[in-house]
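Residue-level structural notes
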Amino acid sequence: MLRNKDWLFSWRWKLFVIFITISVVPLVGFYMMMLAATNDYYIRDKETTLLATANIIAGSIVRGNFLTDPATRHDFDEVIIERGRDGGFRVMVIDSMGLVVNDSFGSETGRVLVVPEVIRAIEANNRVNTRFAEESVYAAAAITNADGDNVAAVLIVSSIDEILAYGEEMQERFVLFVLLIVVILTVLVLVISKLVINPLNNFVRVVERAGEGHFDEKIHIRGRDEYSKLGRAFNHMVSKLALSENSREEFVSNVSHELKTPLSSIKVLTESILLMENVPTEMYTEFLKDINSEVDRMNNIINDLLTLVKLDQHELPLNMKPTDINRMTEDTLRRLAPLAAQKDIELFYENIRPVTISADEMKLSLALSNIVENGIKYTPEEGSITVTVDCDHQHLFISVSDTGIGISEEDHPKVFTRFFRADKTRNRETGGTGLGLAISHQTVLLHGGSIRLDSKEGEGSTFLVRIPLRG
Ligand code: ADP
């Protein structure tokens, strides 16, 4: 809904103004030009006709000797009145002194009139002029005597009322026509806005709802136009937001849960000791050991979480240096050898090609260490783990294969998510936090690489780390 003066800025209104401007304004301009041209044409035509008529009357006055022979007065009057009546105008004959010799209306006969058109006609034969203030055409033709001198002039005064009235009538029709155009344009704007702007308003409503955190509403997509593309992109974005909102909530609840478990254990252990009387020292020691291991567990979780959060926020900037990956892998395996030895697991290292890349050695070796440690954790005694370092001309490859319990296909996409454990109960025994692979994954991502998992339940797992040689 449009509020207050929002409609002034709405596209519906803008479209209306644009349509009117590009259609009505040129139309009005064109009409004004046409009207002026038509008026001009009719007036010029009238002027020519009147002047020709004035000349004809002048000719008949000369031929009838009306000015020189007083006996012809009656005929003279008749000719003038008749001409005036036939033509629907006023005819006057005025001599060079300004004396009105004859007037078809009769009223001015005998008077003296100063008519510039008459003066000019006597001076130069013909004169026609339109007096717009009087809405009349003045056409004057000279009357010449036997000696060839201009002695008087015939003046025709005719109104241009009918021409102006025609213009006004045209104007009324034009206004109606413009009104019709405005109505058509309004309907057109309404139809266009229904097609183009209404989906946009719907769009705005859904975007506003998403802004308030309601990610469940989607834009209804119809057709394949630009709106549909925008709608699809928006829906996709909102689903991603919803997903990240969900995983954030899930993450928070996971963190609380993971921290609550060791806390509850500590509480149970301390309470049971407090409630017991005459507790033997060995029992104290045993309980304190358990409490200590729960504290260690909380400590591990918090440390891993902090590492992850810092990696996420890029707070731990990568300290990139040329790193000999073969040496780094060997060092990592050497560190983990005692752990593997505890379970009689053999650690093999295959150095296929020497590789040196720009990397943050500490973080990358921690990432590798997490993967190999998992191999040791999830491989039964007397198994083996093989680590291979190789490269092609674009990538470094580190693969870690174990002969362990494997990961079911449905868990493959989840192993890199935070707090994921295939088997929660066993995990408490192995002491895992469920964050190790998430840290490894994030670190490899920061190096521009990826981790692929190839594993089958009961048949062991292979983690393949791939990092571009030139990050
Ligand atoms: P954790 O600290 O529990 O080991 P990780 O993030 O390192 O957490 O691993 C997540 C889960 O993935 C583990 O709990 C385990 O179920 C599974 N996993 C990881 N590595 C292996 C492996 N090599 N073999 C079998 N399961 C594995």
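So, a few notes on the structure that sits alongside this text. (Residues numbered from 1 in each chain as written. Predicted model: local features only at pLDDT ≥ 70, side-chain atom pairs only at ≥ 80, totals over all residues. Heavy atoms only, no water.)

So, the overall build of the protein chain
Helix and strand counts for the protein chain come out as 11 helices and 12 strands. In summary, the protein chain has a C-alpha radius of gyration of 53 Å against a globular reference of 23 Å for 471 residues, an excess of more than 25%. The 471 residues of the protein chain split such that 37% are buried. Sequence separation of 24 or more characterises 62% of the internal contacts of the protein chain that already satisfy a separation of 6 or more. Just so you have it, the protein chain exposes about 28,300 Å², and 58% of that area is on carbon and sulfur atoms. Between the centroid of the 49 positive side chains of the protein chain and the centroid of its 66 negative side chains there is a distance of 2 Å. (Helix = DSSP H or I, 4+ residues; strand = E, 2+ residues; numbered from the N terminus. Rg over C-alpha atoms; globule rule 2.2 N^0.38 Å. Buried < 20%, exposed > 50% of the residue type's maximum accessible area, 1.4 Å probe, protein only. Contact = heavy atoms within 4.5 Å. Areas by Shrake-Rupley, 256 points an atom, 1.4 Å probe, with all protein chains shown as cover. Lys, Arg positive; Asp, Glu negative; His and termini not counted. Charge placed at Lys NZ, Arg CZ, Asp CG, Glu CD.)

Here's the deal with the sheet that holds strand β9 (residues 384-391)
Reading across the sheet, the five strands line up as β7-β9-β10-β12-β11 and stay open at both edges, with mixed pairing between neighbours. The open sheet is flanked by β7 (346-351) and β11 (450-456), the only strands paired with a single partner. Strand after strand, the sheet turns through a mean of 10 degrees between neighbouring axes, direction not considered. Where β9 lies against strand β10 (residues 395-402), seven bridges are found, and the strand directions are antiparallel. Bridging from a neighbouring strand, Asp390 pairs with Phe397 of β10. Docked against the sheet, helix α9 (residues 361-377) engages β7, β9, β10, β11 and β12 (460-468), running at close to 25 degrees with respect to β10. (Pairing = 2+ DSSP bridges. Axes fitted to C-alpha atoms, helices over the stretch in contact; angles between N-to-C directions.)

Looking at the nonpolar core
Ranked by size, the top nonpolar core spans 33 residues in total, and within it Ile325, Val355, Ile357, Val372, Leu396, Ile398 and Phe463 carry the most contacts. Elements with a contribution of two residues or more to this core: α8 (325-342), β8 (356-359), α9, β9, β10, α11 (436-446), β11 and β12. Leaving out residues up to four positions away in the same chain, Ile325 has contacts with Val355, Ile357, Leu364, Val389, Leu396 and Ile398. (Core = buried A, V, L, I, M, F, W, Y, C linked by side-chain atoms within 4.5 Å.)

Looking at a negative patch on the surface
A grouping of Asp75, Glu78, Glu82 and Asp86 is seen on the molecular surface, where their side chains present a negatively charged patch. Relative to the elements of secondary structure, Glu78 occurs in helix α3 (residues 73-87). Note on Glu78: relative accessible area 42%, which makes it partly exposed. (Patch = residues over 30% accessible without salt bridge, like charges linked within 9 Å, V, L, I, M, F, W, Y side chains within 5 Å. Salt bridge = Lys/Arg side-chain N within 4 Å of Asp/Glu carboxyl O.)

So, the pattern of salt bridges
Applying the stated rule across the entire model yields 23 salt bridges. Residue Asp331 pairs with Arg327 through a salt bridge whose shortest N-O separation is 3.0 Å. Here the residue Asp331 and the residue Arg327 both occupy positions in helix α8, the gap between them amounting to four residues, near one helical turn. One network of salt bridges, in which partners are shared, links Arg327, Glu330, Asp331, Arg334 and Glu361.

A short note on the pairing of β10
With six of eight residues buried, β10 lies mostly within the body of the structure. From the end of β9 to the start of β10, which pair antiparallel, there are three residues. Here seven bridges tie β10 to β12, and the two strands are oriented antiparallel to one another. Looking across to β12, one finds that Val400 is bridged to Phe463.

Observations regarding the packing of α8 against α9
Angle between the axes and distance between the axes: these two values describe a pair of packed helices. Running from amino to carboxyl end, α8 crosses α9 at an angle of 40 degrees, the nearest separation of the two axes being 10 Å. Between α8 and α9, the crossing angle belongs to the class labelled oblique. The chirality of how α8 crosses α9 is right-handed. Only Glu361, Leu364, Ser365, Leu368, Ser369, Val372, Glu373 and Ile376 of α9 make contact with α8, whose side of the interface consists of Ile325, Arg327, Met328, Thr329, Thr332, Leu333, Arg335, Leu336, Leu339 and Ala340. Residue classes in the contact of α8 with α9 are distributed as 10 nonpolar, four polar and four charged. (Parallel < 35°, antiparallel > 145°, perpendicular 65-115°, else oblique. Left-handed = near helix turned anticlockwise from the far one by under 90°. Nonpolar A, V, L, I, M, F, W, Y, C, P; charged D, E, K, R; others polar.)

Focus on the packing of α9 against α11
Taken N-terminus to C-terminus, the directions of α9 and α11 make an angle of 140 degrees; their axes are 9 Å apart at the nearest point. Note on packing geometry: the crossing formed by α9 with α11 is left-handed. Across the interface between the two elements, Lys363, Leu364, Leu366, Ala367, Asn370, Ile371 and Asn374 from α9 touch Gly436, Leu437, Ile439, Ser440 and Thr443 from α11. Taken together, the residues of the contact of α9 with α11 break down into six nonpolar, five polar and one charged.

Focus: the packing of aromatic side chains
The full count for this structure, using the stated rule, is seven aromatic pairs. Consider the rings of Tyr31 and Phe174, whose centres lie 3.9 Å apart with planes at 5 degrees: the pair is stacked. With Tyr31 in helix α2 (residues 11-63) and Phe174 in helix α5 (residues 161-211), the pair connects residues that are 143 residues apart, well separated along the chain. A relative accessible area of 9% places Tyr31 in the buried class. Members of the aromatic cluster, joined through ring pairs, are Tyr41, Tyr42 and Tyr166. The ring of Trp11 has Lys14 sitting right over it, with the charged end atom 5.0 Å from the ring centre. Positioned over the ring face of Tyr138 is Arg131, at 3.8 Å from the centre of the ring. (Phe/Tyr/Trp six-rings, centres within 6.5 Å; stacked < 30°, edge-to-face > 60°. Lys NZ or Arg CZ within 6 Å of the ring centre and 35° of its normal.)

Description of the environment of Leu185
You can see Leu185 is positioned in helix α5. Classification of Leu185 as buried rests on a relative accessible area of 10%. Sequence spacing of Leu185 and Ser23 is 162 residues, and the spatial spacing of their C-alpha atoms is 9.1 Å. Those residues in contact with Leu185 that lie beyond four places of it in its chain are Phe19, Ile20 and Ser23.

Here we look at the sheet that holds strand β2 (residues 100-103)
Across the sheet, five strands lie side by side as β2-β1-β5-β4-β3; this open sheet has antiparallel pairing. Edge positions in the sheet fall to β2 and β3 (126-131), since each of these pairs with one other strand and no more. For this sheet, the mean angle separating the axes of adjacent strands, direction not counted, is 20 degrees. In this sheet, strand β5 (residues 150-159) lies alongside strand β4 (residues 136-144) in antiparallel orientation, the contact comprising nine bridges. Bridging from a neighbouring strand, Val137 pairs with Ser158 of β5. Across the sheet, helix α4 (residues 116-124) lies against β1 (90-95), β3, β4 and β5, angled at about 160 degrees from β3, the strand it touches most.

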